[in-house]
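Observations on chain architecture
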Amino acid sequence: MRTTRRTANNGASRKKKGRPVSGWVVLDKPVGMGSTEAVSKIKWLFQAEKAGHAGTLDPLASGMLPIALGEATKTVPYVQDGAKIYRFTVAWGQERSTDDLEGPVTKTSDKRPSQAEVEALLPKYTGVIMQTPPQFSAIKIAGERAYDLARDGATVDIPAREVEIGRLDIVEHSVDHTVFEVECGKGTYVRSLARDMGRDLGCFGHVSDLRRVEVEPFTPEDFVTIAELEAARFGVQGEDRPESEDKPETADADAIEVPIDFGAIDALLVDTSAALDCLPQIAISDDAATKIRLGNPVIIRGRDAPVEAEEACATARGKLVAIGAIEQGMFKPKRVFAG
C-alpha cells in the first residue's frame, strides 16, 4: 500500500481538513469508551472531514452507536428518532445515585422480587408512560446539564416526560438479578426503568449491565468493531500497529504516514441513504437530480409517485440526491446531498 508523509510547512503545524467521505459506521461500542471519544476515534480512522453520533451511549454501556460521516450527518435526526432495543440487567437490593454501577449506593433492601412479581409489573411500563430522567443525565436545567449539577451535590428537580415503550420482556431471572429486553422510543432512560421498577417492587434496583442491540433502521448485521476498523485501516491489528497511530488525540497528525488507499475501511460503511428508509423513495433522472442539487423543484413522473408527502427521499441511479416535500406532483428539495 502506497503511503505519503505529510510534513509541516516552514516548521509550522498544518491542520488537515480531512477526506469528504460519507456514510454510517454502525459501531459496536465497547464498555469504557464514551460516545464523544468514539466519534473522535472513528473520525480519525477515516480521516473524515465531519462526524457525529445519533444518540449518546453511556461509557458503562456497550453496543450500537451509529456514527455519521460527511453527508450522513444530515440524516442524523432520522436515526435519533428511530426505535431502539436494549438488553439490560437490573441488580435488586440497591439504589445508586447514578442508577447504574458508577455511583455510590443510596438505598438498600433485603427484599428480593420473584419472577411473578416482576412480570406483574411489566404492563405498567409498557406503552406511553411518564418517566423522570436520572439525576445524572444530559437533561438541561436552567441552561446547565443535570449531571453537572448532580456532581456538585445538588438535587435537581427534573420534570417527568412522556416516553413510549413498545415492549418490555424478561429474558432471565435469578434471586438478585433480572435480565430484560426493551424496545423503546426516543428519550427513554433504561436507568430510570430500573430505578422505578425497584421502587415499585419495594426492593430498589439499578442497572448493572446495559447493551444497545439495535437502533432503527440498523441491525446487528451492520455492527463493526474498533478492531475490525483498525485492521482495515492499517492492514495490521493490536500491537502490530505503528506506534505513532496509537493515540489519535495526541499524535502529531502532520508527522504520521497516512495510507492513500482507504478502500478497505470505506467498504465497512453503511450507505447514507440507509438512514432514510422510513421516507417515501422517489427515483429521478440525472437531469432532475442536477436541477434539485441547484435547489430547484422538479415534476415527479411515474404512476406510483405520491402526490403529497411532507418528507420524501429522492435518488438517482440509487444515489441519494435530496430530502424534500412532494406537493401537487412536484418534488421541492429541503436538504441536498453532494453527488
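Residues numbered from 1 in each chain as written. Predicted model: local features only at pLDDT ≥ 70, side-chain atom pairs only at ≥ 80, totals over all residues. Heavy atoms only, no water.

Considerations on the overall build of the protein
Counting its secondary structure elements, the protein contains eight helices and 19 strands. The buried share of the protein, reckoned over its 339 residues, is 46%. Put simply, of all contacts in the protein between residues at least 6 apart along the chain, 71% involve residues at least 24 apart. For the protein, the exposed surface amounts to about 17400 Å²; the carbon and sulfur share of it is 48%. (Helix = DSSP H or I, 4+ residues; strand = E, 2+ residues; numbered from the N terminus. Buried < 20%, exposed > 50% of the residue type's maximum accessible area, 1.4 Å probe, protein only. Contact = heavy atoms within 4.5 Å. Areas by Shrake-Rupley, 256 points an atom, 1.4 Å probe, with all protein chains shown as cover.)

Side note on a nonpolar patch on the surface
Residues Val31, Leu60 and Leu101 make up a contiguous nonpolar surface patch of roughly 260 Å² in combined accessible area. Its location among the elements puts leucine 101 in the loop between β6 (94-96) and β7 (105-108). (Patch = residues over 30% accessible without salt bridge, like charges linked within 9 Å, V, L, I, M, F, W, Y side chains within 5 Å. Salt bridge = Lys/Arg side-chain N within 4 Å of Asp/Glu carboxyl O.)

Observations regarding helix α5 (residues 190-201)
Between its first and last C-alpha, α5 extends 17 Å over twelve residues, near the 16 Å set by a 1.5 Å rise per residue. Just past α5, the residue glycine 202 takes up positive phi, approximately 75 degrees. (Expected span 1.5 Å × (residues − 1).)

Notes on the environment of alanine 231
Looking at the element boundaries, alanine 231 is found in helix α6 (residues 226-234). Residue classification places alanine 231 among the partly exposed positions, given a relative accessible area of 22%. Taking C-alpha positions, alanine 231 is 8.4 Å from isoleucine 265, a pair spaced 34 residues apart along the chain.

Regarding the confidence of the model for the protein
Where the model shows low pLDDT, its predicted coordinates should not be examined in detail. Mean pLDDT for the protein: 86, with 81% of residues reaching 70 or above. Confidence drops under a pLDDT of 50 for residues 1-13, and excluding neighbours within four residues, the segment shows 22 contacts in the predicted structure. A low-confidence stretch, residues 249-257 stays under pLDDT 50, and its non-local contacts, those more than four residues away or across chains, total 20 contacts. (pLDDT = per-residue confidence, 0-100.)

Some details on the sheet that holds strand β18 (residues 319-327)
Across the sheet, five strands lie side by side as β15-β17-β18-β19-β16; this open sheet has mixed pairing. The open sheet has two free edges, formed respectively by β15 (281-283) and β16 (298-299), since each of these has just one partner strand. The sheet contact formed by β15 and strand β17 (residues 309-316) spans three bridges and is parallel. If you follow isoleucine 282 over to β17, its bridge partner there is alanine 314. Running over the sheet, helix α8 (residues 286-293) touches β16, β17, β18 and β19 (330-336) and is turned about 75 degrees from β18. (Pairing = 2+ DSSP bridges. Axes fitted to C-alpha atoms, helices over the stretch in contact; angles between N-to-C directions.)

Considering the packing of aromatic side chains
Under the defined criterion, the tally for this structure stands at three aromatic pairs. Considering the side-chain rings of tryptophan 44 and phenylalanine 234, the 6.1 Å spacing of their centres and the 45 degrees angle between planes classify their relative orientation as tilted. Here tryptophan 44, found in helix α1 (residues 35-46), pairs with phenylalanine 234, found in helix α6; they are 190 residues apart in sequence, far enough to count as distant. For the cation-ring pair, arginine 19 lies above phenylalanine 262, with the distance from its terminal atom to the ring centre recorded as 3.9 Å. A cation over an aromatic ring shows up here: lysine 74 above the ring of phenylalanine 337, its NZ or CZ 5.3 Å from the ring centre. (Phe/Tyr/Trp six-rings, centres within 6.5 Å; stacked < 30°, edge-to-face > 60°. Lys NZ or Arg CZ within 6 Å of the ring centre and 35° of its normal.)

Some points on the pattern of salt bridges
Applying the stated rule across the entire model yields 19 salt bridges. For aspartate 28, the salt bridge identified is with arginine 211, shortest N-O distance 3.0 Å. Of this pair, aspartate 28 sits in strand β2 (residues 23-29) while arginine 211 sits in strand β13 (residues 205-215), and the two are 183 residues apart along the sequence. Salt-bridge contacts for arginine 167 lead to aspartate 169; the nearest nitrogen and oxygen are separated by 2.8 Å. Judged by its relative accessible area of 32%, aspartate 169 is partly exposed. Put simply, Arg87, Arg167, Asp169, Glu181 and Glu183 are held in one network by salt bridges that share partners.

A look at the environment of leucine 269
Summarising the element assignment, leucine 269 is placed in the loop between α7 (263-266) and β15. Classification of leucine 269 as buried rests on a relative accessible area of 17%. As for leucine 269 and leucine 69, which are separated by 200 residues in sequence, their C-alpha atoms are 9.2 Å apart. Not counting chain neighbours up to four residues away, the residues in contact with leucine 269 comprise Val21, Ser22, Gly23, Trp24, Val25, Phe46 and Leu69.

Section: the nonpolar core
Formed by 47 residues in total, the largest nonpolar core has its most connected members in Val25, Ile42, Phe46, Phe88 and Met197. Per element, the largest residue contribution to this core is six residues, and it comes from α1. Phenylalanine 46 has contacts with Arg19, Val21, Val25, Leu69, Leu229, Phe262, Ile265, Asp266 and Leu269, leaving out every residue within four places of it along the chain. With 15 residues, the next largest nonpolar core counts Ile282, Ala289, Ile292 and Val298 among its residues. (Core = buried A, V, L, I, M, F, W, Y, C linked by side-chain atoms within 4.5 Å.)

A word on the environment of isoleucine 265
Positionally, isoleucine 265 belongs in helix α7. Between the alpha carbons of isoleucine 265 and leucine 229 there is a distance of 6.1 Å; along the sequence they are 36 residues apart. For isoleucine 265, the contacting residues outside a window of four places in its chain are Leu45, Phe46, Leu229, Ala232 and Arg233.

Comments concerning the packing of α1 against α6
The N-to-C vectors of α1 and α6 enclose an angle of 20 degrees; their axes lie 10 Å apart at closest approach. By the angle between their axes, α1 is roughly parallel relative to α6. Crossing of α1 against α6: the hand is left-handed. Of α6, the residues touching α1 (which contributes Lys41, Ile42, Trp44, Leu45 and Phe46) are Ile226, Leu229, Glu230, Arg233 and Phe234. The class makeup of the residues in the contact of α1 with α6 is seven nonpolar, no polar and three charged. (Parallel < 35°, antiparallel > 145°, perpendicular 65-115°, else oblique. Left-handed = near helix turned anticlockwise from the far one by under 90°. Nonpolar A, V, L, I, M, F, W, Y, C, P; charged D, E, K, R; others polar.)

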